[in-house]
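Next come the chains, spelled out residue by residue.
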There are 2 protein chains.
Amino acid sequence: MAQRLIVIGGDAGGMAAASQARRRRDRTDLEIVAFERGRFTSYSACGIPYWISGLVEDRDDLVARDPETFRRDFAIDVRLRHEVTVIDLDRREVVARDLAGGGEVRERFDLLMYATGANPVQPDWARTDAAGVFGVQTLDDGDALRDWLERDPAPRRAVVVGGGYIGVEMAEALILRGLDVTLVEQAEQPMSTVDPDMAVLVADAMRGLGIDIRTGVTVTGLTEEDGRVTEVVTDAGAFPADVVVLGLGVRPNTALAEAAGLPLGPSGGVRVDRRMRVVGVPDVWAAGDCVETLHRVSGQPVHIPLGTHANKQGRVAGINIGGGYATFPGVIGTAVTKVCDLEVGRTGLRERDAAAAGFAFVSVIAESTNRAGYYPGARTMTVKLIAEQPSGRLLGAQIVGWSEAAKRIDTLAVALWNGMTVDDMTSLDLGYAPPYAPAWDPVLVAARKAVDALPR
Amino acid sequence: MAQRLIVIGGDAGGMAAASQARRRRDRTDLEIVAFERGRFTSYSACGIPYWISGLVEDRDDLVARDPETFRRDFAIDVRLRHEVTVIDLDRREVVARDLAGGGEVRERFDLLMYATGANPVQPDWARTDAAGVFGVQTLDDGDALRDWLERDPAPRRAVVVGGGYIGVEMAEALILRGLDVTLVEQAEQPMSTVDPDMAVLVADAMRGLGIDIRTGVTVTGLTEEDGRVTEVVTDAGAFPADVVVLGLGVRPNTALAEAAGLPLGPSGGVRVDRRMRVVGVPDVWAAGDCVETLHRVSGQPVHIPLGTHANKQGRVAGINIGGGYATFPGVIGTAVTKVCDLEVGRTGLRERDAAAAGFAFVSVIAESTNRAGYYPGARTMTVKLIAEQPSGRLLGAQIVGWSEAAKRIDTLAVALWNGMTVDDMTSLDLGYAPPYAPAWDPVLVAARKAVDALPR
């Protein structure tokens, strides 16, 4: 008789696992049922800001594979608007509520894939029924926000709360739509995913776009009128708002896992082993924004919600569920983003992370150009490297610059992944031609500077 | 008493060595004299096509450091238009001819830096005094070509002989200047620095620009009239030409080295050790386009003339001359170029190189996009990987694509440098955001395909 795999969560992690398992085991060998509480499967949450801005025209473009494709091509029984409310490990059953039709279903499983994603951080003041307050975690959230922005009369003043990736990207999206945008950030600077000496470059660029950045400001509440938000109230005064976007980060969605007794780690995510098996719970797997993963540099468990990790982890889980062998070796914290034409990349540890992990280190910032200095369009590229002292091993890197800056972080990410020292890196054979780099690539310029900064 | 360093050749390799040596030893400890037969020091030969096209306006922009800077800031006695004609190792002397003023000078040395660069390959038919025939090896060559193009009436028909990097870049430069351009190539395709299945994409793009590509054609002579070239004669007929550009590659400039008894390797370049010392000849160093270097993948000595290697090798020699310790660990054949908006990158071995080196291998070509598929401006990126069989170790990679394709080769170059397998590579933590990559980066898509192609 066929085994039965239940997938909880129909986005990247869950569906990558389901489709990989299907590649290796056909329907006579493995039944697959996937529950998704929303209305979409396998969509790009990272694309939402670009759809809000209007750069991406059609919401459906963000959906990589729709439920019909999963049903038809993968024989996966996808059930949208079904929220799993109970995992019963003893009876090997899940209970799901039908959010559209009402009622409950019970489904038996032999194998369980936990891929519930993450929930936005919601302080008490943000728990409101007032219209005009939005997260941008799911495509349903994006849908609701976009409807609100297209009302007549259209909202004019936006306040974005939180200056992480989503906050920064949403601030850009809203200013591109023509709104007045204020970004409120509790820390000294937005974009704290890079060190302050690099984040300042990003903040300057955002101000250049006309975004009003207020830092060191704590939100204390919202003012509402007639069921709509009208102000964001802070310890530095109130900011009028026709629309409020919450970008305060996310936490692993583990309520269901906790209730079922699945183990959580110190980062708050579900604990998994290298094969994406939930630690100590046979036949249960997990992947994506709900799990914690190993940071290969610090050696610590971390929670880094990102579609690319969810896809890779899901694939690994699916290969293993399918009877193959694959492992997910952890992450190094690589990320890229942009604010209009300014590009930002990072990998590894920031200074504060390196200090927290107990490393002695040096850090250098090197300015160079993205092309040969004489080539038209050459612009400044700023590369920061953090290297262990005295070994010289690369611990982290950050890049801020213009054209072709962000993805150069990959060069540094692969160097870091392989444990290279900055001294070794000065010899790297990187592509050179005037349209693409000076004879000394910015990465090499930075490596040389780091070598000079290390004690001899 | 101060030691005396004589540098033969005032371009990247020689002057990088001289300036690094100066950083570590002041003028009371080390005198430095540099002979350069041309009129320029430390210029970007790779930039010449972009100056010919008019994209770079001022020739002097291509000069990284002029002689006056070397004299003033580095206390280096630079002698332009001086061609060294003899190295006398027994007497520790060089003889140089003053090309401008006439006469000869003799200079004693304690340390010698050999950095004579490369000479263009010149078949018998190209040894002509006819006006209108140009190499583009030196800035002086570029100067002469540009003067010729600016004559009145301006040349209208150009024939470029040879379809390597310089040939392709010069063909583009000349068509951008409005000339009719024919590119004549002996092989089946231009851009043979990538495999034929990738080179075809480049040839298509060149034809799209209006470049008339003739392949499988051997040049047999030139027709001249009144001291000017008028035709390029081939085994497939004659091509009218007001200007002929030779892009037939270069060979290490070793005449002087040979005469002095410096050892040459199988690639034709001067043999050096890891510290850039000429093998078996005390106190003599060499760097740049005149030396051979280790290919780290094949383990074979190779001659790869490229400014970025010359700079690195010169730096290594200079650190060692200066009393420090540095090594040059070899190259992996990374290179990038473009034909208008089409970008090309390569690293490691091509299929023919891998076969010649004795590897068993698989190769795959994966098509993906440079951005998330839904993001505006997403275009095809084609990635080819060559992996050892059965180990899966990456041996080579090639990329052809549009925006932000070429420099992605660096990601693969660093993976290859570190001996990664394609299986390991599928887990790499590369930057992901919709403007920069799909959730599966093109590099990872190709790695997955290569894993699937390997025997299990």
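Residues numbered from 1 in each chain as written. Chains lettered and ligands numbered in written order. Predicted model: local features only at pLDDT ≥ 70, side-chain atom pairs only at ≥ 80, totals over all residues. Heavy atoms only, no water.

A.B. asks: Tell me what's going on with the overall build of chain A, and back it up with residues and numbers.
C.D. replies: Regarding its fold elements, chain A presents 12 helices and 25 strands. For chain A, whose C-alpha radius of gyration is 23 Å, the value lies close to the compact-globule estimate of 23 Å for 456 residues. Expressed as lengths along the three principal axes of its C-alpha atoms, the size of chain A is roughly 65 × 55 × 40 Å. Expressed as a percentage of the 456 residues in chain A, the buried residues total 60%. Within chain A, residue pairs in contact and separated by at least 24 positions form 64% of the contacts whose partners lie at least 6 positions apart. With the model as given, the accessible surface of chain A reaches about 16,900 Å², and the carbon-plus-sulfur share is 45%. A distance of 5 Å separates the average location of the 49 positive side-chain charges in chain A from that of its 62 negative side-chain charges. (Helix = DSSP H or I, 4+ residues; strand = E, 2+ residues; numbered from the N terminus. Rg over C-alpha atoms; globule rule 2.2 N^0.38 Å. Buried < 20%, exposed > 50% of the residue type's maximum accessible area, 1.4 Å probe, protein only. Contact = heavy atoms within 4.5 Å. Areas by Shrake-Rupley, 256 points an atom, 1.4 Å probe, with all protein chains shown as cover. Lys, Arg positive; Asp, Glu negative; His and termini not counted. Charge placed at Lys NZ, Arg CZ, Asp CG, Glu CD.)

A.B. asks: Got a sec to walk through the relation of the copies chain B and chain A? Specific residues and values, please.
C.D. replies: Mapping chain B onto chain A calls for a rotation angle of 180° and an axial translation of 0.0 Å; the resulting RMSD is 0.0 Å. Here the symmetry operator amounts to a two-fold rotation axis. Scanning chain B for the C-alpha nearest the rotation axis identifies B:Thr411, at a separation of 2.3 Å. Take the interface residues of chain B: 100% of them recur as interface residues in chain A, which is what a same-surface contact looks like. (Least-squares fit on C-alpha atoms with pLDDT ≥ 70 in both.)

A.B. asks: How would you sum up the interface of chain B and chain A? Please name residues and give values.
C.D. replies: A common way to state how big an interface is: give the accessible area lost once the parts meet. Each side of the interface is counted separately: chain B has 61 residues, and chain A has 61 residues. When residues of chain B are sorted by the area they lose upon contact with chain A, B:Tyr374, B:Asp429 and B:Tyr436 head the list and together hold 14% of the total. Remark: the boundary between chain B and chain A carries four salt bridges. Taken together, the links from chain B to chain A amount to 22 residue pairs in polar contact (both at pLDDT 80 or more). (Buried area = accessible area lost by both parts, 1.4 Å probe. Salt bridge = Lys/Arg side-chain N within 4 Å of Asp/Glu carboxyl O. Polar contact = N/O pair within 3.5 Å; in protein donor to acceptor, adjacent residues only side chain to side chain.)

A.B. asks: Any details on the UniProt feature "domain: Pyridine nucleotide-disulphide oxidoreductase dimerisation" (unreviewed entry) in chain A? Residues and values, ideally.
C.D. replies: According to UniProt, the "domain: Pyridine nucleotide-disulphide oxidoreductase dimerisation" (unreviewed entry) feature falls on residues 336-440 of chain A. The distance from the first to the last C-alpha atom of residues 336-440 of chain A is 23 Å, and the span holds 18% helix and 35% strand. (UniProt positions renumbered as here; feature names shortened; annotations may be inferred.)

A.B. asks: An account of the pairing of strand E25 (residues 394-401) of chain B is needed here, citing residue identities and associated values.
C.D. replies: Every other side chain in a regular strand lies on the same face of the sheet, so the side chains alternate between the two faces. Residues and elements named next belong to chain B. With respect to burial, E25 is a largely interior element, eight of its eight residues being buried. As judged from the seven bridges shared by strand E24 (residues 380-388) and E25, these two strands associate in the antiparallel manner. What sits directly across from isoleucine 386, in E25, is glycine 396. The antiparallel pairing of E24 with E25 creates a hairpin that spans five residues between the two strands, and glycine 392 there sits at a positive phi of about 85°. (Pairing = 2+ DSSP bridges.)

A.B. asks: Provide a residue-level description of the packing of helix H1 (residues 12-24) of chain A against helix H8 (residues 307-321) of chain A, including the pertinent values.
C.D. replies: Residues and elements named next belong to chain A. As a packed pair, H1 and H8 sit with axes 7 Å apart at the nearest point and diverge in direction by 30°. On the basis of their axis angle, the class for H1 and H8 is roughly parallel. Here H1 and H8 pass one another in a crossing that is right-handed. Residues Ala12, Gly13, Ala16, Ala17, Gln20, Ala21 and Arg24 of H1 touch H8, and the partners they reach there are Gly307, Ala310, Asn311, Gly314, Arg315, Ala317, Gly318, Ile319 and Ile321. (Axes fitted to C-alpha atoms, helices over the stretch in contact; angles between N-to-C directions. Parallel < 35°, antiparallel > 145°, perpendicular 65-115°, else oblique. Left-handed = near helix turned anticlockwise from the far one by under 90°.)

A.B. asks: Pulling in residues and values, what's your account of the pairing of E24(B)?
C.D. replies: Residue and element names in this part refer to chain B. Here E24 lies mainly inside the structure; eight of its nine residues are buried. In this sheet, E24 lies alongside strand E23 (residues 361-369) in antiparallel orientation, the contact comprising nine bridges. Its bridge partner being in E24, serine 368 is matched across the sheet by methionine 381.

A.B. asks: Kindly report on the sheet that holds strand E14 (residues 228-234) of chain B, identifying the contributing residues and their values.
C.D. replies: Consider a sheet: its strands pair through backbone hydrogen bonds, and that pairing is either parallel or antiparallel. Residue and element names in this part refer to chain B. Spatially, three strands are ordered E13-E14-E15 in an open sheet, and the strand pairing comes out antiparallel. Lying at the two open borders of the sheet, with one neighbouring strand each, are strand E13 (219-225) and strand E15 (237-240). Mean inter-strand twist for the sheet, computed between neighbouring axes without regard to direction, equals 30°. As paired elements, E14 and E15 share four bridges and run antiparallel to each other. Following the sheet pairing, glutamate 231 is matched in E15 by proline 240.

A.B. asks: I'd like a description of the domain arrangement of chain A, backed by residues and values.
C.D. replies: Residue and element names in this part refer to chain A. As assigned here, chain A comprises domain 1 (3-40 + 63-118 + 251-321), domain 2 (122-248) and domain 3 (335-453). One C-alpha centre belongs to domain 1, the other to domain 3; they are set 36 Å apart. Opposite the four residues of domain 1 that make contact, domain 3 presents seven residues. Interface of domain 1 and domain 3: buried area, both sides summed, is about 510 Å²; carbon and sulfur atoms make up 71% of it. The largest share of the area that domain 1 buries against domain 3 comes from Arg296, Val297 and Ser298, three residues that together contribute 80% of it. Applying the counting criterion to the domain 1 and domain 3 interface returns zero residue pairs in polar contact (both at pLDDT 80 or more). For the side of domain 1 that touches domain 3, the class distribution of residues is one nonpolar, two polar and one charged. (Domains from an automatic or database assignment. Nonpolar A, V, L, I, M, F, W, Y, C, P; charged D, E, K, R; others polar.)

A.B. asks: Which residues make up the side chain of A:Thr334, and what values do they have?
C.D. replies: Here A:Thr334 is to be found in the loop between H8 and strand E21 (335-339). Separated by 2.8 Å, the side chains of A:Thr334 and A:Thr347 make a polar contact. Within the local environment of A:Thr334, its side chain forms a polar contact with the backbone oxygen of B:Asp429, the two atoms lying 2.7 Å apart. Leaving out residues up to four positions away in the same chain, A:Thr334 has contacts with A:Leu306, A:Arg346, A:Thr347, A:Ile409, A:Asp410, A:Ala413, B:Asp429, B:Leu430 and B:Gly431.

A.B. asks: So, the environment of A:Glu292: which residues are in play, and what are the values?
C.D. replies: All names here are of chain A. Topologically, glutamate 292 is positioned in the loop between strand E18 (284-286) and strand E19 (293-294). Judged by its relative accessible area of 8%, glutamate 292 falls in the buried class. A C-alpha to C-alpha distance of 9.0 Å links glutamate 292 and proline 305, two positions 13 residues apart in sequence. Not counting residues within four places of it along the chain, the set of residues in contact with glutamate 292 comprises Gly265, Pro266, Ser267, Gly268, Gly269, Val270, Arg271, Val272, Pro301 and Val302.

A.B. asks: Which residues make up the nonpolar core, and what values go with them?
C.D. replies: Counting 84 residues, the largest nonpolar core has A:Leu385, A:Leu412, A:Met425, B:Leu385, B:Leu412 and B:Met425 as the members making the most contacts within it. Sequence-distant contacts of B:Met425, defined by excluding residues within four places in its chain, comprise B:Leu394, B:Leu412, B:Ala415, B:Met420, B:Val443, B:Leu444 and B:Ala447. (Core = buried A, V, L, I, M, F, W, Y, C linked by side-chain atoms within 4.5 Å.)

A.B. asks: Describe the pattern of salt bridges, naming the residues involved and giving the relevant values.
C.D. replies: Scanning the entire structure with this criterion turns up 67 salt bridges over all chains. We note a salt bridge from A:Asp77 to A:Arg79, for which the minimum N-O separation is 2.9 Å. The class for A:Asp77 is partly exposed, based on a relative accessible area of 31%. Looking at A:Arg79, the relative accessible area reads 18%, which means it is buried. The partner of B:Arg79 in a salt bridge is B:Glu107, with the nearest N and O atoms 3.0 Å apart. Taken together, the positions of B:Arg79 in strand E3 (residues 76-79) and B:Glu107 in strand E6 (residues 104-108) put the pair 28 residues apart, joining distant regions of the chain. By sharing partners, the salt bridges in this structure join A:Arg4, A:Glu31, A:Asp77, A:Arg79 and A:Glu107 into a single network.

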